[in-house]
Amino acid sequence: MTVYVDADACPVTRIAERIAKEHGIPVTLLCDTNHQLTSDYSIVKVIGAGADAVDIALINLCHRGDIVVTQDYGVAALALGKGARAIHQSGKWYTDENIDGLLMERHLAKKARRSGKHHLKGPAKRTEEDDKRFAESFERMIQEALNEIHSD
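Definitions and cut-offs
Residues numbered from 1 in each chain as written. Predicted model: local features only at pLDDT ≥ 70, side-chain atom pairs only at ≥ 80, totals over all residues. Heavy atoms only, no water. Buried < 20%, exposed > 50% of the residue type's maximum accessible area, 1.4 Å probe, protein only. Core = buried A, V, L, I, M, F, W, Y, C linked by side-chain atoms within 4.5 Å. Helix = DSSP H or I, 4+ residues; strand = E, 2+ residues; numbered from the N terminus. Contact = heavy atoms within 4.5 Å. Phe/Tyr/Trp six-rings, centres within 6.5 Å; stacked < 30°, edge-to-face > 60°.

Caption draft 1: Summary view of unusual backbone geometry. At Ala9, a position not held by glycine, the phi torsion is positive, near 55°. Given a relative accessible area of 61%, Ala9 falls into the exposed group.

Caption draft 2: Summary view of the nonpolar core. With 22 residues, the main nonpolar core has Val3, Val5, Ile67, Val69, Phe134 and Phe138 as its most contacted residues. Elements with a contribution of two residues or more to this core: strand S1 (3-6), helix H1 (13-22), strand S2 (27-32), strand S4 (67-69) and helix H5 (128-151). Top element by residues in this core is H5. It accounts for 7 residues. Ignoring sequence-local partners within four residues, the contact set of Phe138 consists of Val3, Ala16, Ile19, Ala20, Ile67, Val69 and Ile87. Core analysis: the next-biggest nonpolar cluster, separate from the first, contains 19 residues, Tyr4, Ile47, Ala76 and Leu102 among them.

Caption draft 3: Structural view of the packing of aromatic side chains. Applying the stated criterion across every chain yields a total of 2 aromatic pairs. Ring centres of Tyr73 and Tyr94 lie 5.8 Å apart, and the angle between their planes is 70°; this geometry places the pair in the edge-to-face category. One end of the pair, Tyr73, is in helix H3 (residues 73-81); the other, Tyr94, is in strand S6 (residues 93-94), with 21 residues separating them in the sequence. Plain terms: the ring middles of Phe134 and Phe138 are 5.4 Å apart, the flat faces sit at 15° to each other, and that makes the pair stacked.

Caption draft 4: The arrangement of the environment of Arg64 in detail. Position of Arg64 relative to the elements: it lies in the loop between helix H2 (53-61) and S4. Of the residues examined, Arg64 reaches a relative accessible area of 68% and is grouped as exposed. Among all residues touching Arg64, those that are not within four sequence positions of it are Lys82, Gly83 and Ala84.

Given below as structure tokens:
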């Protein structure tokens with residue numbers, strides 16, 4: 001099992017790293033050339049700039065049983081399709097049961113933005129409570145993944 005982080009502007013990179021390290025799980029951080037990341041624990045892969053370059057590289061690397069941290073619903077859907085687990089920076093788990101609805105919400109929001117009639121707010125400022133919620137949810141996801149590995 002490896003944790004892959006879609007690390008471009010990801011606010012939970014260090015939290016995911018810390019928790020994965022506690023369990024001895026390797027982490028790969030993927031970012032484009034517009035971001036500079038360093039890590040004492042993770043492998044950092046800098047992917048050439050380009051639309052979706054990081055997303056494509058992440059999906060090419062991940063396999064069944066891996067964990068993907070991303071805020072991109074499309075990346076999450078592809079990861080689920082490969083048998084990986086996926087989690088949003090909010091701590092929300094992407095699942096086979098919720099991903100279609102999330103993709104539809106994304107599509108409708110994009111349509112609304114294109115129409116110019118709707119102004120959608122950006123995300124609220126991140127809080128310590130948000131970080132705590134992600135950490136607890138990510139820990140539960142890792143525990144579930146480890147339990148599945150040990151029951152095989």
